[in-house]
Every structure is written in C-alpha cells, then in structure tokens.
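# Topology and contacts: notes
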Amino acid sequence: MSTYRLDHMFAPRSIALVGGSPKANSVGGATLRNLKAGGFDGPIDIINRKYSEIEGIKTKRDFKDLPYVPDLTIICTPPSAVQGVVKAAGAHGCPCAMVLTAGLGIGTGSFTEAISQTARTTGLRLIGPSLGILVPRAKLNASFAARLPADGDLAVISQSGAISTTLAEWASNRSIGFSAITSMGESLDVDFGDLLDYFALDTQTRAILMYIESVSDPRKFMSAARAAARVKPVVVIKSGRHRQGARAAATHTGALAGSDEVYEAAFRRAGLLRVLDMEELFSAAETLGHLQSSHGHRLAILTNGGGLGVLAVDRLIDLGGELAPLSDEVRKALGKILPERWSNANPVDILGDADGERYARACEHILGDTANNALLVMNAPNTLASPIESAMAVAKAVQKFRDENHSRKPVFAAWVGDSGTATGVFSAVNIPHFTNEADAVRGFMHIVRYREGLDVAMQTPPSLPENFAPDVAAARAVVQGALKQKRTWLNPVEITELFAAYSIPIASAVLARDPDQAARAAMPLLAEGNTVIVKISSPDILSKSDVGGVRLNLTSERAVYDATADIMQRARAAKPRAVIEGVTVHPMILRPKARELIAGLADDPTFGPIVVFGRGGTAVEVINDKALALPPLDLNLAKDLIARTRVSRILKSYRDVPAVDEGAVALLLVKIAQMAADLPEIRELDINPLLADKDGVIAADARVSVAPLSETVRGSGHYRFAIKPYPKEWERHATLKDGRGVFLRPVRPEDEHLYPEFFKQVSTEDVRLRFFSAMKELTHAFIARLTQLDYARAMAFIAIEETTGKMLGVVRLHTDADFASAEYAVLVRSDLKGLGLGWMLMQLIIEYARAEGVRAIRGQVMGQNKTMLDMNARLGFTIKPDPHNTDLMLVVLPIEKKSN
C-alpha cells in the first residue's frame with residue numbers, strides 16, 4: 001500500500017486512544033500523558049468501557065460514540081482485544097491505527113497474522129506493535145517515550161523502540177531536531193518501503209536515519225530505498241553483523257556470501273550510507289543535521305595544536321579521504337597574517353596561543369581556497385586563549401563567508417573536551433560540532449560517501465558488446481533436462497553447454513564411464529599437444545579433491561587409464577553410497593601468468609541471487625577476499641565489484657607479469673548476472689578457479705546448482721531478484737506508416753548517448769509543449785534521470801530506427817508508490833509527426849500499465865497542444881482544465897484489467 005493514508009498518521013487532526021488508563025505505569029496511561037504533555041492541539045478521545053473519565057477526559061464506549069472519524073487510532077488494549085479493536089476501527093472508517101500492545105506473537109496462527117488480515121479487509125493502515133511515533137512539528141508524542149524531541153529535518157525509521165528513544169534523548173542535548181521518529185516494531189502493515197516513500201516525499205525531511213534488524217520485502221525495500229537515496233541522504237545501521245549462517249553452503253561462492261555481506265551489498269546498491277554503531281550514527285546525524293552533501297574528498301584542517309592535526313590526518317587517510325593542498329595564493333596570504341612558526345602547510349597549525357581573531361582570519365582565507373572541498377576547524381584547550389571566544393569568532397567568520405559568497409562549502413568543528421558551550425555556538429550557524437578529531441573526520445567522510453554513492457549511481461555504463469546475445473533457449477534446455485531427472489547439480493558436460501550459451505569460456509569436458517572411454521577421450525587432446533586432467537563425476541561428490549578425485553598433467557593414454565581406475569576406486573571407497581557416473585576428461589589449461597579468481601552466484605534467503613567475486617583457489621574461504629553485488633549488473637557495476645577486492649591490485653601489471661584484461665572479467669560478471677535473470681532455476685554457480693590474464697578469462701572448473709520454481713510463482717519472471725532487471729519481454733518490433741522499421745524497447749542507462757542527437761531533431765516549440773518551458777541545457781544529470789530507471793516503479797519505452805540505430809521517440813510512465821495511478825509523458829522527433837509513432841508508443845505504455853496493475857494513467861498537457869489532446873481523446877482519456885493552472889489540461893485514463 002505504501003504511502004496510502006500515511007498523512008493521517010504523521011499529521012493527524014484527531015486521535016482516538018483505545019485502552020487509555022489512569023494507571024501510572026500502564027502503556028495506555030503513559031501514552032495519554034505524553035499526548036497531553038506534547039501539546040497536540042486536536043481532539044483526543046479515549047475509548048474505555050471500564051472508566052467514565054480518565055485524566056479529565058470523558059471516555060467513550062465505542063467508535064460509534066465519537067462525533068468524528070479519528071485520523072489516528074492508538075491501541076493499548078490487552079493482546080486478545082486488539083483484533084476486535086482493529087475490526088471496529090476499520091468499520092468506522094478510521095484511516096490509520098498504531099498498536100502499542102506487546103505480546104501479540106509472530107507468524108502463522110499468532111495474533112499478529114489475524115490482526116493484519118483484519119486490517120487489510122478495510123484498508124486500515126497499521127503500524128506496530130511498537131513504541132509508537134513522535135512528530136515534533138505536529139506536537140505529537142504518540143508513544144511511551146520519555147520526551148518529545150525538538151522539531152527538525154531528520155526522520156528516524158527504526159525496528160527497535162530502544163533505538164528510537166535513545167536517539168530522542170541524545171538529540172535533546174545536541175540541538176538536533178527531527179521531522180519524525182517512527183518505531184515500526186513487527187510491521188503489521190507499514191514497513192520500511194512505505195516509510196521510505198513517505199519521508200522521501202516529505203518536504204520537512206532532509207535526511208533519513210534507519211535502524212534495521214531484517215527486511216521482509218526486499219524488492220519493495222530496494223525500490224523505495226533507491227528512490228529515496230536519489231533525493232536525500234539515507235543513513236542505515238544494521239544489527240547482527242556477525243550472526244552465523246543458518247546453513248552450510250555447498251559452494252565456495254555460497255560460503256563467501258554471508259548474511260551481513262549481502263545486506264552491505266544491498267545498501268551499497270541502493271545508495272544508502274551504512275554506519276556500524278550508534279556512535280557513528282550519531283556522528284552522521286550531527287553532520288546531516290547541519291550540512292548538505294559535498295563534492296570531493298579533499299579536506300583542509302585548521303588547528304591550534306600540531307599533534308591534533310596529525311591525528312586528524314591519520315584518521316582522514318584511514319577512511320579514504322585526502323588532505324587538500326594549500327594553493328600558493330592562500331599559503332602566501334596566511335604567511336602574512338600568521339606567526340612565523342605556523343606550519344606553512346595543511347594541516348594549518350596556527351599555534352597554541354591562537355585567539356579568536358587569528359582563527360577567524362585564517363578561516364576566511366582557507367574557505368576561499370578552491371583546492372579544498374571542506375574545512376575542519378579544531379581547538380585544543382589551553383590557558384593561553386579562550387576556546388569559547390575562538391568558537392564564536394569561527395562561527396562569525398564562516399557565516400560571513402557564506403553570506404558574501406553564497407557558499408555551501410561544508411565546515412566542521414572539533415572543540416576537544418568541550419562540555420557543551422561550543423555546541424550551541426556552532427549549531428546556531430549550522431556547523432556540526434564534535435568533541436574529538438576522529439568523529440569530526442568521520443562526519444566529513446559521511447557526506448563524501450553519500451555524494452560518491454550518488455555520483456556512481458548517475459554514471460552512464462558502457463554498452464555491452466553487440467555480439468553478446470545469449471542462447472537462452474539452449475541454456476534453459478540444459479537446466480530443464482537436469483530438473484526432469486530430479487537432479488540438483490549439473491554435470492560438467494551440461495555446465496560446458498550452459499556456459500557456451502552465454503559465451504563464457506570454459507575448459508571442455510567429456511564424460512567417460514570407465515578407464516577405456518577415458519583413454520579414448522584423451523586421445524585427441526593429447527594429439528594436439530595438451531596434457532590432460534581427469535576428475536571424478538558424481539552428483540554426490542562436490543569437493544572432488546577431498547576424495548582424491550582429481551589428477552593433473554596426464555601425458556599419455558596409459559596414464560589417463562590408470563588415473564581413471566584409481567580415481568573411481570578411491571571415490572567408491574570414500575563414498576560407498578555415492579552414484580559414480582565415471583570421470584570427465586579435460587585439457588590442462590596452462591596459463592602461467594594467470595591470476596586465480598572466483599566468480600559465481602549465491603542464493604540469499606532474503607535478497608535472492610547474489611553475484612560473488614574475489615580471490616580464487618583451494619584456500620578461497622581462508623583468504624576470504626571477496627565482494628558481493630545484487631544483480632542485475634552493467635559493466636560499471638561489475639568494475640566496481642572487482643575494485644572492492646584486494647585481489648584487484650594484482651590484476652594490474654607488476655614486474656614481468658602483464659595486466660589482466662579486466663574488461664573480460666567485468667563482462668563475465670555481467671554474463672553471470674544475466675544468466676541469473678534468464679534462468680531463475682539456478683540457485684548457486686561457482687567458477688573456481690577462474691583464470692584471468694592479458695588474453696582474457698577461462699573457467700578451469702565450475703559447479704552449478706539448480707532447483708525447480710515454486711508453483712505459486714511459476715511464470716512470474718524475475719521474482720527472485722531484489723532489483724527488477726531489464727524487462728526484455730517488453731521488446732517489440734513495429735513498422736511506421738512510411739515503412740520504416742522501429743525497435744521498441746525499455747530504456748537502458750547506456751542509451752544516454754542517443755538523447756543529445758534526438759533533442760536536436762525536436763523543435764523548440766515541441767520541447768516547450770513537453771516540458772512547459774524552454775530547455776536551457778541538456779546536462780548529464782538531466783539525461784541520467786531519463787535513462788536510469790527503477791523498473792519496479794517506472795518505465796520508459798524508446799523507439800530506435802532499425803537501420804540507423806537513431807532514437808526516434810520515447811514515452812515514460814512513473815507510478816506512484818501505491819500503483820494507484822501513474823503519470824505519463826511522450827515525445828517524438830518533430831519531423832516524424834503523422835507517421836503513427838506517438839500512437840504506437842502510447843498504446844504500448846497503456847498495455848504496460850494494465851499489465852502492472854496501474855489503475856489510472858494521468859498527465860498534464862498544455863492547452864495549446866491540440867495534437868496531444870486529440871490523441872488523448874481518441875485513446876479514451878477524460879480531459880478537464882487544471883484548476884491550479886489555466887494553461888494546462890488534466891488528462892486521465894482509467895485502466896481496466898484484462899479479463900482472463
């Protein structure tokens with residue numbers, strides 16, 4: 001349901017408290033006192049049949065006794081009564097309810113399940129069971145938290161009530177305010193996705209802080225998180241980082257993909273800023289509560305203590321930041337105003353006797369230096385100068401610089417040992433303040449990491465090679481063949497065929513049932529000058545080397561015969577119940593300069609398929625050098641995955657070893673991710689070792705696990721992906737009225753290069769009619785918003801001329817978070833009007849909307865755009881004047897579901 005009715009929860013005009021109590025230590029009593037103490041200025045009614053009056057408020061016996069429908073219903077009754085209250089509230093038309101009652105249980109047969117089902121029948125939105133919500137701007141303390149924090153622009157979403165109250169208490173002493181603090185609890189209905197969507201659109205919220213224990217709806221979470229992170233910082237802390245996995249993994253990739261590492265990959269892909277503990281969360285809150293994001297990671301440091309500056313530099317380098325150089329101009333200017341013994345470099349040490357005036361003058365010059373991206377000002381207390389006077393001078397200098405230069409350069413302060421006096425001075429001018437250099441530097445790196453995440457997300461990936469066209473049908477036949485035989489592992493011959501369908505190089509495999517067949521299979525390999533490998537083939541033996549099931553560097557038929565006999569005998573002795581199919585015969589891959597890597601797919605119970613990459617070999621788990629990513633991947637994401645491993649350093653050239661073809665490694669990762677999208681039956685895939693050198697990559701060994709799809713989801717496409725991949729099923733071929741062939745397909749990020757030429761073919765008037773104004777500049781950021789889509793909530797179809805590859809037109813559809821409606825926009829080249837392209841694109845987007853369950857398509861059309869309005873009328877849109885803008889018309893097309 002997403003944001004449906006949540007405005008009633010966070011900006012209620014009236015409240016009904018069910019279970020309010022005069023007992024001082026009861027949840028109902030504490031909640032009532034908090035509601036009154038918070039100053040909520042709307043009506044508060046209590047529904048309680050036991051007492052006629054509580055805290056001076058006359059009680060009501062039932063919802064029907066209320067003179068209004070309350071926006072927010074707060075439930076504090078015993079567990080057994082909650083379902084009945086929810087049913088009554090829904091029947092009365094209440095939009096939102098919050099359950100503060102504990103002890104409802106979890107899972108099938110619990111109160112929780114019954115309550116959720118009851119609420120869904122009436123559309124009642126539920127949050128909890130939890131501590132409640134706090135909305136300072138609405139003077140709403142609908143919780144049993146001790147106090148209502150100050151109003152501000154940070155939103156908190158937490159699965160833990162304790163974390164919520166801790167943040168509220170901490171903020172009260174730090175001049176940090178909140179737009180809302182929401183304790184979700186067990187998420188009867190409202191979950192992370194709903195709240196992320198709500199606060200992403202909330203103009204009173206500038207950053208979102210999250211505490212996560214687990215995610216129940218990964219696709220909804222990822223879609224909402226990616227959308228929110230595009231518009232404001234989202235900081236997340238997750239508990240349970242070192243929890244052991246619930247099962248032993250059967251493959252190396254599975255063993256490497258621990259639960260927390262998968263969450264880390266999900267947060268990274270969504271653009272969330274992850275912190276590891278409460279202290280770091282507070283540091284992020286301090287920073288984000290005062291500053292905008294920063295472009296660049298070069299920090300200037302101003303201090304009255306040299307040792308303190310050195311410690312700050314160490315921390316900066318540890319966290320991946322860079323010490324900014326001083327420009328020659330600023331160095332000379334500082335030399336004229338500072339004592340002769342100043343450091344003459346960054347960190348700028350202005351000596352222990354520095355007073356406020358010296359601090360202020362140094363600040364002015366450093367802030368104006370374009371060689372840095374931010375400034376950290378530090379003070380080590382001593383008896384030579386007043387720390388508070390210095391703080392006041394710095395605050396005044398920073399504010400003056402901002403006013404005169406319209407600057408948003410971030411400034412941080414670390415007044416070591418300050419008892420709180422400096423905090424108020426710096427907070428007044430939006431300078432985040434810390435009591436030590438490490439936290440201050442970490443605060444700077446928080447905004448750097450957030451900005452870098454946005455920049456990475458906005459990068460345009462290179463196009464994939466045109467000849468990469470996997471034979472999905474052939475690959476699916478291999479997988480289905482194994483499933484029909486009720487096998488969970490592909491044999492080496494099948495893996496070779498599967499990899500061939502995706503152009504993944506692999507050492508060839510021939511199955512031999514006995515030593516004679518093995519010797520014959522080795523003959524052509526030996527004749528070509530290869531040495532031979534023989535491996536045991538058994539669906540019951542996955543770690544071949546553990547049973548002595550591998551022989552290398554065999555140079556003759558006799559050696560192959562003897563090795564095969566010995567391998568099969570050893571396997572039967574070690575695994576007497578195993579099915580022994582024989583052996584597989586492979587050429588020995590000799591690439592002396594190759595690096596041993598691992599690449600594959602793991603299956604996470606929450607986020608589904610996960611791409612794994614790292615250092616390969618027999619000690620892969622011991623070395624534990626790996627990085628994870630959620631598919632789908634493009635080449636940029638694949639290169640980022642590689643760069644996050646230690647092994648990436650030796651992919652470069654060193655001594656007499658040429659550099660690895662990293663492009664080939666990245667392409668292989670993209671192919672694996674595409675395989676996961678095309679074949680959801682694949683559960684785990686392990687290439688180890690993957691040999692990589694200057695000539696490319698080749699899989700020396702591989703394992704693939706498969707499993708049938710659940711009957712309930714069969715045919716639903718990429719249901720196991722947490723991020724909806726490119727929807728290839730919506731590709732179409734069509735012909736315009738002039739006979740021109742066009743390829744209609746969903747937009748991809750790599751289409752960015754098509755847009756500049758396309759807009760050259762669109763007249764200024766058509767641009768004005770589409771965007772309601774002239775287009776000043778066609779920037780990368782603007783085009784990225786058009787091409788980098790979250791297919792879970794937006795779609796754009798591009799029309800490509802088949803003979804030239806040029807862009808002819810595009811249609812977009814962006815759904816609201818509830819899929820109740822979607823807004824469309826369409827644009828075709830001005831020289832192609834009358835050829836039916838606009839009609840074709842509109843028909844396609846309507847078909848898509850119907851398939852996705854969108855209930856209405858909406859749009860705004862300029863009244864002068866008669867061509868578009870005529871098309872709207874012919875397509876069945878209703879057309880009405882926009883009551884807020886006389887130049888616009890509102891067009892709406894109700895979507896009816898196709899009958900089966």
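Scroll up to find the structure.
As a starting point, this report considers the structure included with it.

Thresholds, definitions, all that
- Residues numbered from 1 in each chain as written.
- Predicted model: local features only at pLDDT ≥ 70, side-chain atom pairs only at ≥ 80, totals over all residues.
- Heavy atoms only, no water.
- Helix = DSSP H or I, 4+ residues; strand = E, 2+ residues; numbered from the N terminus.
- Rg over C-alpha atoms; globule rule 2.2 N^0.38 Å.
- Buried < 20%, exposed > 50% of the residue type's maximum accessible area, 1.4 Å probe, protein only.
- Contact = heavy atoms within 4.5 Å.
- Areas by Shrake-Rupley, 256 points an atom, 1.4 Å probe, with all protein chains shown as cover.
- Lys, Arg positive; Asp, Glu negative; His and termini not counted.
- Charge placed at Lys NZ, Arg CZ, Asp CG, Glu CD.
- 1 Å grid on protein atoms, 1.4 Å probe; cavity = no way out; pocket = protein on both sides within 12 Å on 5 of 7 lines; lining within 4 Å.
- Points joined across faces, edges and corners; volume = space filled by probe spheres on them.
- Salt bridge = Lys/Arg side-chain N within 4 Å of Asp/Glu carboxyl O.
- Polar contact = N/O pair within 3.5 Å; in protein donor to acceptor, adjacent residues only side chain to side chain.
- Axes fitted to C-alpha atoms, helices over the stretch in contact; angles between N-to-C directions.
- Parallel < 35°, antiparallel > 145°, perpendicular 65-115°, else oblique.
- Nonpolar A, V, L, I, M, F, W, Y, C, P; charged D, E, K, R; others polar.
- Phe/Tyr/Trp six-rings, centres within 6.5 Å; stacked < 30°, edge-to-face > 60°.
- Pairing = 2+ DSSP bridges.
- Right-handed = clockwise from strand over helix to strand, strands pointing away.

### As for the overall build of the protein chain
When helices and strands are tallied, the protein chain shows 28 helices and 38 strands. Expected size for 900 residues packed as a compact globule is a radius of gyration near 29 Å; at 32 Å, the protein chain falls within 12% of this value. Based on the C-alpha atoms only, the size of the protein chain along its principal axes is roughly 95 × 80 × 65 Å. The 900 residues of the protein chain split such that 56% are buried. Contacts spanning at least 24 positions in sequence make up 71% of the contacts within the protein chain whose residues lie at least 6 apart. For the protein chain, the accessible surface area stands at approximately 38,600 Å², while carbon and sulfur atoms represent 50% of it. Counting 103 positive and 101 negative side-chain charges, the protein chain places the averaged centre of each group 3 Å from the other.

### Topic: empty space enclosed by the protein
Applying the stated criterion across every chain yields a total of two cavities of 30 Å³ or more. Counted as a void, the largest cavity has a volume near 300 Å³. In terms of lining residues, the largest cavity is bounded by 27 residues, among which Leu-490, Asn-491, Pro-492, Lys-544 and Ala-702 are the most central. Looking at the lining of the largest cavity, the elements with two or more residues in it are α18 (492-501), β22 (532-537), β24 (582-587) and β30 (702-706). Computed from the structure, the second largest cavity encloses a volume of approximately 80 Å³. Forming the walls of the second largest cavity are Tyr-755, Phe-759, Arg-770, Phe-771, Leu-786, Val-810, Val-811, Arg-812, Ala-825, Val-826 and Leu-827. At the level of elements, α24 (754-760), α25 (764-771), β34 (807-815) and β35 (822-828) are the ones that each hand at least two residues to the lining of the second largest cavity.

### Thoughts on the pattern of salt bridges
Taken as a whole and judged by the stated rule, the model has 43 salt bridges. Linking Arg-226 and Asp-790 is a salt bridge whose minimum nitrogen-to-oxygen distance equals 3.8 Å. Here Arg-226 is found in helix α7 (residues 218-231), whereas its partner Asp-790 is found in the loop between α26 (780-787) and β33 (794-801), with 564 residues between them in sequence. Residue Arg-274 is joined to Asp-260 by a salt bridge in which the shortest nitrogen-to-oxygen separation is 2.7 Å. Here Arg-274, found in strand β14 (residues 273-275), pairs with Asp-260, found in helix α9 (residues 259-270); they are 14 residues apart in sequence, far enough to count as distant. Asp-260 matches Arg-274 in its accessibility class, with the two residues each being buried. Overlapping salt bridges, with partners in common, bring together Arg-125, Asp-189, Asp-191, Asp-194 and Lys-220 in one network.

### Some points on the side chain of Asp-751
Positionally, Asp-751 belongs in the loop between β32 (741-746) and α24. Judged by its relative accessible area of 3%, Asp-751 falls in the buried class. At a separation of 2.7 Å, a polar atom in the side chain of Asp-751 contacts the main-chain amide nitrogen of Arg-748. Each residue touching Asp-751, except ones within four places of it in the same chain, is listed here: Arg-745, Pro-746, Thr-787 and Ile-798.

### With respect to the side chain of Ser-143
The topology assignment puts Ser-143 in strand β9 (residues 140-143). At 2.5 Å, the side chain of Ser-143 forms a polar contact with the side chain of Asn-141. Residue contacts for Ser-143: discarding those within four places in its chain leaves Ala-30, Thr-31, Asn-34, Leu-100, Leu-131, Gly-132, Ile-133 and Leu-134.

### Brief notes about the packing of helix α3 (residues 79-91) against helix α4 (residues 111-122)
Think of two packed helices as two axes; the pair is described by the angle between the axes and how far apart they sit. Two numbers describe how α3 lies on α4: the axes approach to 9 Å, and their chain directions differ by 5°. By the angle between their axes, α3 is roughly parallel relative to α4. Listed contacts from α4 to Pro-79, Ser-80, Val-82, Gln-83, Val-86, Lys-87, Gly-90 and Ala-91 of α3 are Phe-111, Ala-114, Ile-115, Thr-118, Ala-119 and Thr-122. Here the contact of α3 with α4 is composed, by residue class, of eight nonpolar, five polar and one charged.

### A short note on the packing of aromatic side chains
Tallied over the full model, the rule gives 17 aromatic pairs. With a centroid separation of 6.2 Å and 75° between ring planes, the pair formed by Tyr-726 and Tyr-791 is classed as edge-to-face. Of this pair, Tyr-726 sits in the loop between β30 and β31 (732-735) while Tyr-791 sits in the loop between α26 and β33, placing them 65 residues apart in sequence. Tyr-791 carries the same exposure label as Tyr-726, and that label is buried. Feature note: the residues Phe-192, Phe-221, Tyr-263, Phe-267 and Phe-607 constitute an aromatic cluster, connected by ring pairs.

### Remarks on the pairing of strand β25 (residues 595-604)
Most of β25 is tucked away, with eight of its ten residues classed as buried. Summarising the sheet, β25 and strand β28 (residues 682-693) pair through six bridges and their orientation is antiparallel. Within β28, the residue paired with Glu-596 across the bridge is Leu-691. By the bridge criterion, eight bridges tie β25 to strand β26 (residues 608-615) in an arrangement that is antiparallel.

### Examining the pairing of strand β13 (residues 234-238)
For β13, the buried fraction is high: five of the five residues fall into the buried class. Burial of the side chains of β13 extends over both faces: Val-234, Val-236 and Lys-238 are buried on one face and Val-235 and Ile-237 on the other. Here strand β12 (residues 207-212) pairs with β13 via five bridges, running parallel. Across the sheet, the residue bridging to Met-210 is Val-236, located in β13. Taking the sense of rotation as the criterion, the β-α-β connection linking β12, α7 and β13 turns out right-handed. Both β13 and β14 contribute to a ladder of three bridges, which runs parallel. Within β14, the position partnered with Val-236 by the bridge is Arg-274.

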